[in-house]
Amino acid sequence: MKIIVCAKQVPDTNEVKIDPVKGTLIRDGVPSILNPDDANALEAALEIKDKYPDTTVTIVSMGPPQANYMLRECLAMGADDAYLLSSRAFGGADTCATSTTIAAGIRKIGKYDIIFAGRQAIDGDTAQVGPQTAQRLGIPSVTYVQKIREIKKGSVVVERALEDGYEVIEVKTPCLLTAIKELNEPRYMTVGQIEEAYKKPIATWSEVDVNLAPEDCGLKASPTQVFKSFTPPPKGKGEMLQGTVPEMAAALIAKLTEKHVIK
Ligand SMILES: Cc1cc2nc3c(=O)[nH]c(=O)nc-3n(C[C@H](O)[C@H](O)[C@@H](O)COP(=O)(O)OP(=O)(O)OC[C@H]3O[C@@H](n4cnc5c(N)ncnc54)[C@H](O)[C@@H]3O)c2cc1C
């Protein structure tokens, strides 16, 4: 079986703090990490490889040259090979242009049975790239995969998380599945695998390598453009309610109703 995992390097948004005086984001010293949902996607692929040893796991990422470190981490977890889609032409991509580029990279990689992506990336937070990539490749996709029940010949049976439960879906391969954190617990790298990971070559492909014209990628191929970004205002101070218990309860209900928390 051939598996491709889409992995994105993202700033660790848990480490991003807001400057209380200027109200701007403090990005200094914020480490770049493998997007958490993508670690679950990779773990799912590696678990299939553990079960079916003739499986290969290939990572594909679009990003700047430093995304190489994240790809080494994926190799050190157990992936077989990795490709980085990197070029100035890819800069400023929205999800539409990102999925066009990733799909072009996947076409060049060739045959695959399952593509895994994360549900969403913690920086852009759109959760659109996985399904869009599937659509560009003309294959079905299942999002919010919380469990892989069975790998059959020509299909996979998965559980898709819903707000109040889950649905069981059998999907024909080749297909794309997006992973959520409930799917598994990503494994650690081992020292031996880290050493091996640094010996492996990682091919870097530009738009020319994946048969895209410069106007098909990046900002030029993006129907949306971010024209302003700003830090949300900090939450107001807490407020202590005064009076007797019934008075405080009435005041609380009035405030929650006013904010449409309750009707
Ligand atoms: C603050 C901010 C605001 C933005 N606003 C918009 C907007 O309004 N509209 C818009 O279209 N774009 C927007 N973007 C851009 C968009 O988020 C990214 O450019 C796009 O590359 C990926 O979308 P995402 O990060 O939301 O990924 P998601 O769709 O959340 O990612 C889902 C999965 O797709 C895969 N994936 C995503 N990106 C890559 C990659 N580069 N390489 C490999 N796999 C990948 C991963 O498996 C990931 O888990 C914004 C970006 C930022 C930082």
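As a convention, each chain's residues are numbered from 1 in the sequence order in which they are written. Restriction of local features to residues with pLDDT of at least 70 applies here, the model being predicted, together with a cutoff of 80 or more for giving and counting side-chain atom pairs; totals for whole chains, interfaces and linings are based on all residues. Calculation of side-chain values draws on the structure's entire complement of heavy atoms; hydrogens and water are dropped beforehand.

Asker: Quick one: what's the story with the sheet that holds strand β6 (residues 56–62), residue by residue and with numbers?
Answerer: Spatial strand order, β11-β10-β9-β12-β8-β1-β6-β7-β13: 9 strands in an open sheet with mixed pairing. Each end of this open sheet is capped by a strand with a single partner; those strands are β11 (165–172) and β13 (203–205). Across the sheet, the mean angle separating the axes of adjacent strands is 30° when strand polarity is ignored. One bridge is not enough; two strands pair if DSSP finds at least two bridges between them. Only DSSP runs of H or I reaching four residues or more are called helices, and only runs of E reaching two or more are called strands; each is numbered from the N terminus. Pairing between strand β1 (residues 2–6) and β6: 5 bridges, direction parallel. Residue pairing across strands places C6 opposite V60, the latter belonging to β6. A contact between two residues is defined here by any heavy atoms of the two lying within 4.5 Å. To get an axis, fit a line to the C-alpha atoms, keeping to the stretch in contact for a helix; angles then go from 0 to 180 degrees between the N-to-C directions. Sitting on the sheet, helix α1 (residues 36–51) touches β1, β6, β8 (114–118), β9 (141–152) and β12 (175–179), and the angle it makes with β8 is about 150°. Across the sheet, helix α2 (residues 67–77) lies against β6 and β7 (81–85), angled at about 160° from β7, the strand it touches most.

Asker: Tell me about the layout of surface pockets, residues and numbers included.
Answerer: Residues are said to line a cavity or pocket when one of their atoms sits within 4 Å of a point; the points come from a 1 Å grid over protein atoms alone, cavities being sets where a 1.4 Å probe fits but cannot get out and pockets being open sets with protein on both sides within 12 Å along at least five of seven lines. Grid points are joined across faces, edges and corners, and a volume is the space filled by probe spheres set on the points. Of the pockets and cavities examined, the second largest pocket occupies roughly 310 Å³. For the second largest pocket, the lining is made up of 14 residues, of which A39, E73, P186, R187 and Y188 are closest to its centre. Elements supplying a minimum of two residues to the lining of the second largest pocket: β5 (32–34), α1 and α2. No other element matches the 3 residues that α1 contributes to the lining of the second largest pocket.

Asker: Talk me through the nonpolar core; I want residue IDs and the actual numbers.
Answerer: V5, L42, V57, I59, F116 and L177 are the most contacted members of the largest nonpolar core, which has 37 residues in total. Sequence-distant contacts of L42, that is, excluding residues within four places in its chain, are made with V5, V57, I59, C74, M77 and A79. If you look at the next biggest cluster of nonpolar residues, it comprises 22 residues, including I4, Y83, Y112 and A117. The definition of a nonpolar core used throughout is a set of buried Ala, Val, Leu, Ile, Met, Phe, Trp, Tyr and Cys residues joined through side-chain atoms within 4.5 Å. Remark: exposure states derive from per-residue accessible area (1.4 Å probe, protein chains only) relative to the maximum for the residue type, with buried under 20%, exposed over 50%, and partly exposed in between.

Asker: Account for α2, with residues named and values stated.
Answerer: Turn by turn, an α-helix covers 3.6 residues, leaving residues three or four places apart pointing in a common direction. With 8 of 11 residues buried, α2 is to be regarded as a mostly interior element. Those residues of α2 lying buried are A67, M70, L71, R72, C74, L75, A76 and M77. Where α2 is buried, its residues meet β2 (9–11), β5, α1, β6, β7 and α5 (191–199). Remark: G78 follows α2 within two positions and exhibits a positive phi of approximately 135°.

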